[in-house]
Amino acid sequence: MNPQAKLIFMISLLLGTTITISSNHWIMAWAGLEINTLAILPLISKSHHPRSIEAATKYFLTQSAASALVLFSSMTNAWHTGQWDITQLSHPTSSLILTSAIAMKLGLVPFHFWFPEVLQGSPLSTGLLLSTIMKLPPITLLYMTSTSLNPTLLTTLAILSAAIGGWMGLNQTQIRKILAFSSISHLGWMAIIIIYNPKLTLLNFYLYTMMTATVFLALNSIKVLKLSTLMTAWTKVPSLNAMLLLTLLSLAGLPPLTGFLPKWLIIQELTKQEMIPAATLMSLLSLLSLYFYLRLAYCTTITLPPHTTNHMKQWRTNKSTNILVAILATMSITLLPISPLIIATM
């Protein structure tokens, strides 16, 4: 793709995100979401492969439907209350429609079917954008309307997302699909707590973004898309593979690592809200995700297993690993000891 065109699309992405997260009026927020959708489409379909075109089409159709629902929900609310302010979403029907629209934008269950397919058809760099920056505007809208959302509906969506995100990721061999189901599972953790402690949702989102960016950038530098090629990638940059292993375990939420912090705080908050069954269920469902993270981690660090398929082993590359990956990997692994400071800044 032409560098100037790519620059324009990236600036449009930032512009759309900024407009949505800084707006008070529904029409401005909707305009920002539309700019975002239009800017990411060329980045999804830039390889001109039929799979990429299909992914871009699926993305366009789902996001258009979700944007129409956002507009419909805000118009219904304005019709009943005379308010176009995002924080004044007081009509129950509007709240219900908005929750469905945002769930579709984010890829929460039961509106999740498009996300693994779109991620599988996109390059790794675009997959990183779809999993991180494209999730920020919808989560911001949820954050701003969190006081008027339906707790039962969101808790149901969250538990279903954690269950299906973990369950459907178990038998995948394509790494981008595994990361898509990982994203759905993490969104479940964010959705369950947004009504009770919205700042905790944002903290979870920031830490998830950091860890996912590390995984995507590491995979991009060793050019790996499938589990079978991940097994042979240890010869390229052994140190990067070790960091990838720890980052994957951090995404799974294992205790000494950064990823344990949001899960711990969310379970603590749910217990305070006397939602102990929901907290127990979410903890048990995270074991499903843990299984496929462990499988990824195992494939990352083992040498080539004995089998009959011939693989081209690749010798270690000379080029130094990106400094950004090093910084992100360090933060994805070591932030748990300073959790009191992180909590204090919330």
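- As recorded in an unreviewed UniProt entry, the protein goes by the name NADH-ubiquinone oxidoreductase chain 2, listed as coming from Pinicola enucleator.
- The UniProt entry for the protein carries this comment under Sequence similarities (unreviewed entry): "Belongs to the complex I subunit 2 family."
- Under the heading Subcellular location (unreviewed entry), UniProt records this for the protein: "Mitochondrion inner membrane".

Brief notes about the pattern of salt bridges
So, step 1. Taken as a whole, this structure holds four salt bridges when the rule is applied.
So, step 2. Here Lys58 and Glu54 are joined by a salt bridge, their closest N and O atoms 2.8 Å apart. A residue pair is termed a helical-turn pair when its members lie 3 or 4 positions apart in one helix, as Lys58 and Glu54 do in helix α3 (residues 50–81) at four residues.
So, step 3. Taken together, the shared-partner salt bridges connect Arg51, Glu54, Lys58, Glu117 and Lys177 into one network.

Things to note about the packing of helix α7 (residues 136–144) against helix α10 (residues 198–222)
So, step 1. Packing of α7 against α10 brings their axes to within 10 Å, and their N-to-C directions diverge by 170°. If you check the angle between α7 and α10, you find them roughly antiparallel. The handedness of the crossing between α7 and α10 is right-handed. Counting all contacts with α7, which are made through Leu136, Ile139 and Tyr143, the residues of α10 involved are Pro198, Lys199, Thr201, Leu202 and Phe205.
So, step 2. Among the residues making up the contact of α7 with α10, the classes are represented as six nonpolar, one polar and one charged.

What to know about the domain arrangement of the protein
So, step 1. According to the domain assignment, the protein consists of domain 1 (1–123) and domain 2 (150–308 + 319–345).
So, step 2. Placing the centre of domain 1 and that of domain 2 at their C-alpha centroids yields a distance of 24 Å.
So, step 3. Counting from both sides, the interface comprises 18 residues of domain 1 and, opposite them, 20 residues of domain 2.
So, step 4. Of the roughly 1,500 Å² buried where domain 1 meets domain 2, counting both sides, 73% is carbon and sulfur surface.
So, step 5. The three residues of domain 1 that bury the most area against domain 2 are Leu108, Val109 and Gln120, which together make up 38% of that side's buried surface.
So, step 6. Linking domain 1 with domain 2 are one salt bridge.
So, step 7. The partner of Glu117 in a salt bridge is Lys177, with the nearest N and O atoms 3.4 Å apart.

Quick look at the environment of Leu96
So, step 1. Summarising the element assignment, Leu96 is placed in helix α4 (residues 92–106).
So, step 2. Judged by its relative accessible area of 45%, Leu96 falls in the partly exposed class.

Overview of unusual backbone geometry
So, step 1. Look at the link from Val109 to Pro110: it is a cis peptide, with omega at 5°.
So, step 2. Take Pro110: it is sitting in the loop between α4 and α5 (114–121).
So, step 3. The backbone of Glu274 shows a phi angle near 60°, a positive value even though the residue is not glycine.
So, step 4. When you line up the elements, Glu274 lands in the loop between α13 (260–272) and α14 (276–301).
So, step 5. Taking the relative accessible area as the measure of exposure, Glu274 reaches 71% and is therefore exposed.

Concerning the UniProt feature "domain: NADH:quinone oxidoreductase/Mrp antiporter transmembrane" (unreviewed entry) in the protein
So, step 1. Per the UniProt record, the feature "domain: NADH:quinone oxidoreductase/Mrp antiporter transmembrane" (unreviewed entry) sits at residues 23–288.
So, step 2. In residues 23–288, the share of helix is 74% and the share of strand is 0%. The end C-alpha atoms are 38 Å apart.

Conventions we followed
- Residues numbered from 1 in each chain as written.
- Predicted model: local features only at pLDDT ≥ 70, side-chain atom pairs only at ≥ 80, totals over all residues.
- Heavy atoms only, no water.
- UniProt positions renumbered as here; feature names shortened; annotations may be inferred.
- Salt bridge = Lys/Arg side-chain N within 4 Å of Asp/Glu carboxyl O.
- Helix = DSSP H or I, 4+ residues; strand = E, 2+ residues; numbered from the N terminus.
- Axes fitted to C-alpha atoms, helices over the stretch in contact; angles between N-to-C directions.
- Parallel < 35°, antiparallel > 145°, perpendicular 65-115°, else oblique.
- Left-handed = near helix turned anticlockwise from the far one by under 90°.
- Contact = heavy atoms within 4.5 Å.
- Nonpolar A, V, L, I, M, F, W, Y, C, P; charged D, E, K, R; others polar.
- Domains from an automatic or database assignment.
- Buried area = accessible area lost by both parts, 1.4 Å probe.
- Buried < 20%, exposed > 50% of the residue type's maximum accessible area, 1.4 Å probe, protein only.

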